[in-house]
Amino acid sequence: LPLWERLQRRIVDGEKKGLEADLDEGLGQRPALEIINEVLLEGMKTVGELFGSGQMQLPFVLQSAEVMKTAVAYLEPHMERLEGVTKGRIVLATVKGDVHDIGKNLVDIILSNNGYEVINLGIKQPVSTILEAAVEKDADVIGMSGLLVKSTVIMKENLQEMNARGIADRFPVLLGGAALTRAYVEQDLADIFGGHVRYARDAFEGLRLMDSFMA
Ligand code: B1M
């Protein structure tokens with residue numbers, strides 16, 4: 001198989017052997033970020049489709065996710081990094097009940113590489129932990145990720161909790177993850193939230209929105 005197809009297959013098949021050699025070869029031809037976005041994420045998309053249609057079982061999805069994580073970790077040092085500036089601080093978490101973190105961690109990488117301080121709390125984070133970290137670390141923005149349909153409801157509850165605690169207008173909120181839609185976030189959730197909430201389709205939109213929050 002040609003290199004890019006081979007890399008994609010490694011994600012789909014969950015095959016780590018030879019991964020680094022292929023990534024090295026790839027790095028000779030394209031920037032690290034482009035390899036992630038245009039090659040590896042396509043592989044994850046296929047995994048999602050296969051899983052969704054019952055053609056792939058969960059343990060294999062987990063293996064694919066592991067290969068994806070290994071590949072991203074290997075490529076990260078090769079990404080461009082804006083040094084010597086701190087543009088702002090974000091507390092970032094995957095919401096309660098949700099373990100998906102590949103997207104969240106990509107957001108972390110993109111923001112960190114572009115001058116933001118990211119306090120990444122990890123997965124399955126209850127709202128109290130997120131809000132307490134935001135207050136304690138004096139964050140500029142709160143970012144929540146979640147891929148399950150269930151997580152879209154949790155996000156709504158989290159915003160209501162911010163209303164209840166009277167901190168809705170202190171922290172703009174950035175939301176992302178596959179089950180969300182722009183309309184749900186920027187109309188339905190914006191309606192019930194006393195502050196500013198925006199939807200990011202991907203990590204780059206997340207970066208643009210961070211820049212706009214800090215402007
Ligand atoms: Co799960 N899973 N999974 N899974 N999984 C999905 C989400 C699913 C759509 C698959 C499917 O059915 N086709 C489905 C959800 C269905 C639903 O809710 N309606 C699903 C399911 C059902 C489940 C379980 C319930 C399965 C089970 O146990 N029976 C279970 C849930 C466990 C739990 O959370 N409690 C489960 C478990 C897992 C694994 C552990 C095996 C693994 C996760 C490993 C890990 O993350 N460490 C996994 C995976 C890998 C997936 C799919 C296949 C791929 C997700 C992924 O990493 N994509 C996924 C299919 C899909 O999403 N279509 C699926 C790549 C990643 C880069 O994309 O996270 O969307 P994403 O991030 C994007 C954007 O969304 C955005 O930026 C990123 C790109 O730049 N973004 C943000 C994300 N967060 C952001 C935050 C921001 C800004 C942008 O600012 C704060």
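An account of the accompanying structure is given in this report. (Residues numbered from 1 in each chain as written. Predicted model: local features only at pLDDT ≥ 70, side-chain atom pairs only at ≥ 80, totals over all residues. Heavy atoms only, no water.)

In spatial order, the strands read 2-1-3-4-5; together these 5 strands make up an open sheet with parallel pairing. The outermost strands of the open sheet, each flanked by one partner alone, are strand 2 (116-120) and strand 5 (197-199). Within the sheet, the average angular offset between the axes of one strand and its neighbour, ignoring direction, is 25°. Across 4 bridges, the pairing between strand 3 (residues 141-145) and strand 4 (residues 173-176) is parallel. Within strand 4, the residue paired with serine 145 across the bridge is glycine 176. Each of strand 1 (88-94), strand 2 and strand 3 is contacted by helix 5 (residues 102-113), which is oriented at about 155° to strand 2, the strand it contacts most. Lying on the sheet, helix 8 (residues 182-192) is in contact with strand 4 and strand 5; it crosses strand 5 at an angle near 170°. (Pairing = 2+ DSSP bridges. Helix = DSSP H or I, 4+ residues; strand = E, 2+ residues; numbered from the N terminus. Axes fitted to C-alpha atoms, helices over the stretch in contact; angles between N-to-C directions. Contact = heavy atoms within 4.5 Å.)

So, about the site of the ligand. Near the ligand you find 34 residues, and of these Gly97, Val99, His100, Asp101 and Ser145 are the closest. Contact distances for the ligand include 2.8 Å between a nitrogen atom and a side-chain N or O atom of serine 145. Valine 149 has a polar backbone atom sitting 2.9 Å from an oxygen atom of the ligand. Looking at the shell around the ligand, the elements with two or more residues in it are helix 3 (32-52), helix 4 (58-75), helix 5, strand 3 and strand 4. For the shell around the ligand, the per-class residue count stands at 20 nonpolar, 9 polar and 5 charged. (Near = heavy atom within 4 Å. Polar contact = N/O pair within 3.5 Å; in protein donor to acceptor, adjacent residues only side chain to side chain. Nonpolar A, V, L, I, M, F, W, Y, C, P; charged D, E, K, R; others polar.)

Its location among the elements puts alanine 139 in the loop between helix 6 (127-136) and strand 3. Sequence-distant contacts of alanine 139, defined by excluding residues within four places in its chain, comprise Arg89, Val91, Ala134 and Phe171.

We now examine the pattern of salt bridges. Under the criterion given, the structure shown has 18 salt bridges. Aspartate 22 is paired through a salt bridge with arginine 6; the nearest N and O atoms lie 2.9 Å apart. Within this pair, whereas aspartate 22 is found in helix 2 (residues 19-27), its partner arginine 6 is found in helix 1 (residues 3-13), the two being separated by 16 residues in sequence. A single network of salt bridges, built from pairs that share partners, joins Arg6, Arg10, Asp22 and Glu25. (Salt bridge = Lys/Arg side-chain N within 4 Å of Asp/Glu carboxyl O.)

Our focus in this paragraph is the packing of helix 1 against helix 4. The N-to-C vectors of helix 1 and helix 4 enclose an angle of 135°; their axes lie 6 Å apart at closest approach. With respect to each other, helix 1 and helix 4 are oriented oblique. Together, Arg10, Ile11, Val12 and Asp13 of helix 1 and Gln63, Ser64, Val67 and Met68 of helix 4 make up the contact between the two elements. (Parallel < 35°, antiparallel > 145°, perpendicular 65-115°, else oblique.)

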